[in-house]
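Breakdown of the fold
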Amino acid sequence: MHQRFKSLSAVFILVLTVGLLAACGSGNQDRTSAETPKSADASAQAAAADKTETAANGQTSDSASGERTIEYLGKTYTVPAEARRIVITGAMEAMEDAVTLDVHPIGAITYAGKFPEQFASITDNAQSIGEKTEPNFETILSLKPDVILGTTKFPEETAAQLEKIAPTILVSHISSDWQDNLKLMGELTGKQTQAQAAIDQYAADVENAKSEIGSKTEGRTVMAVRVRQGSLYVYPADVFVNAILYGDLGIAVPEIVASAKAQQEISVEQLAEIDPDELFVQFSENENGKAPKALDELESNPIVQQLKAYKDGTLYVNAMNPLSEGGPAWSRDQFLKAAAEKLAR
């Protein structure tokens, strides 16, 4: 009997040991299972925090935002679905379009290290990325732009350097492309409706201006010249403010303008031969660094003082902001109002 009792005790101890081992294993398994979701939750929370911080900084990853294509002047561009971080370099047309649509770039053009007053409304949070023709690639890279808006005036090597940083669209400097330029800015920033509204409003303003001017410019020579580095320049009929004077308002094109193929220098003697009845003169200190007194010298020139426009008080200096390009929507609107007021008198 004693032997039997020992056998039963051994069996009982074995069963108890197995049970305890099973219980321990189960406990470890339960603890491991409970910790796995906790770890996943932490990762999710961290990822969410990262995403929130990224969004707060105005940056989105390709996986989060995706990409889209934009058609502009016959070319297709792939850009982020949300182009929040825009850098403008070289393209004054894009700067003016940003003003029209109230778009605030993270990087923009400066003159002598400062943002011109006419762009104050959109450069409140912008950083200088260099002068008009001298982009600072390192600064642009540090801003991590979604899209870079350059200019068609850039040489190929400059455009290639920008393309390495972010998707780059070269904005046309041709006046006749102003609507496409404005629509491009609108499509990039989700302001297509505002862009079209500005285009429609300008068309209406042109008709009103034509009605105000009526036949007052018939038989009269109307010209616009620009002073650059002390010299006088005229432009083709579809460039600068000429597109407004001769294209939109339908004023007769002077022969020297009709024959100009590009920016063309003229002398005061040539200007005297034309002897315009109405003369718009554009002068900017930024474009005359080597000849800061060029405007004063022009107005005091005896030959200029014999012009009909000078004697009749129809020589207009800076009818619009002197840094305005003349072609984009913003400067078109400014010059159209000034021209209508002066030519309708």
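Two strands pair when backbone bridges link them, and strand β8 (residues 147–151) and strand β9 (residues 168–171) are joined in this way by four bridges, in the parallel orientation. Looking across to β9, one finds that Leu 149 is bridged to Ile 169. Traced from β8 through helix α5 (residues 156–165) to β9, the parallel crossover comes out right-handed.

The subject of this paragraph is the confidence of the model for the protein. In this model, the protein carries a mean pLDDT of 85, and residues with pLDDT of at least 70 account for 81%. Every residue in residues 1–64 is under pLDDT 50, and counting partners more than four places away or in other chains gives 14 contacts.

In this model, Leu 73 sits at a positive phi of 50°, which is unusual for a non-glycine residue. Following the sequence through the fold, Leu 73 ends up in the loop between β1 (67–72) and β2 (75–80). On the basis of relative accessible area, Leu 73 is assigned to the partly exposed category, the value being 40%. With a phi close to 55°, Asp 102 is a non-glycine residue in the positive phi region. As for its position among the elements, Asp 102 is in the loop between α3 (92–101) and β4 (107–108). Accessibility expressed as a relative area gives 43% for Asp 102, which makes it partly exposed.

Moving on, we get to the pattern of salt bridges. Following the criterion strictly, the structure yields nine salt bridges and no others. Between Glu 287 and Arg 226 there is a salt bridge; the shortest N-O distance is 3.5 Å. Taken together, the residues Glu 287 in the loop between β13 (278–283) and α11 (294–299) and Arg 226 in strand β10 (residues 222–228) connect sequence positions 61 residues apart. An identical accessibility class is assigned to Glu 287 and Arg 226; each is buried. The salt bridge involving Asp 333 is made with Lys 337; its shortest N-O contact spans 3.2 Å. Of this pair, Asp 333 and Lys 337 both sit in helix α14 (residues 329–343), four residues apart, roughly one helical turn. In this structure Lys 337 comes out as exposed when scored by relative accessible area, which is 52%. Linked through salt bridges whose partners overlap, the residues forming this network are Arg 226, Arg 228 and Glu 287.

Quick look at the layout of surface pockets now. Within this model, the largest pocket holds a volume of roughly 620 Å³. Along the wall of the largest pocket there are 23 residues; nearest its centre are Lys 132, Lys 153, Arg 226, Arg 228 and Gln 263. At the level of elements, α6 (178–189) and β10 are the ones that each hand at least two residues to the lining of the largest pocket. The residue inventory of the lining of the largest pocket, partitioned by class, reads nine nonpolar, seven polar and seven charged.

Cut-offs used in this document
Residues numbered from 1 in each chain as written. Predicted model: local features only at pLDDT ≥ 70, side-chain atom pairs only at ≥ 80, totals over all residues. Heavy atoms only, no water. Pairing = 2+ DSSP bridges. Helix = DSSP H or I, 4+ residues; strand = E, 2+ residues; numbered from the N terminus. Right-handed = clockwise from strand over helix to strand, strands pointing away. pLDDT = per-residue confidence, 0-100. Contact = heavy atoms within 4.5 Å. Buried < 20%, exposed > 50% of the residue type's maximum accessible area, 1.4 Å probe, protein only. Salt bridge = Lys/Arg side-chain N within 4 Å of Asp/Glu carboxyl O. 1 Å grid on protein atoms, 1.4 Å probe; cavity = no way out; pocket = protein on both sides within 12 Å on 5 of 7 lines; lining within 4 Å. Points joined across faces, edges and corners; volume = space filled by probe spheres on them. Nonpolar A, V, L, I, M, F, W, Y, C, P; charged D, E, K, R; others polar.

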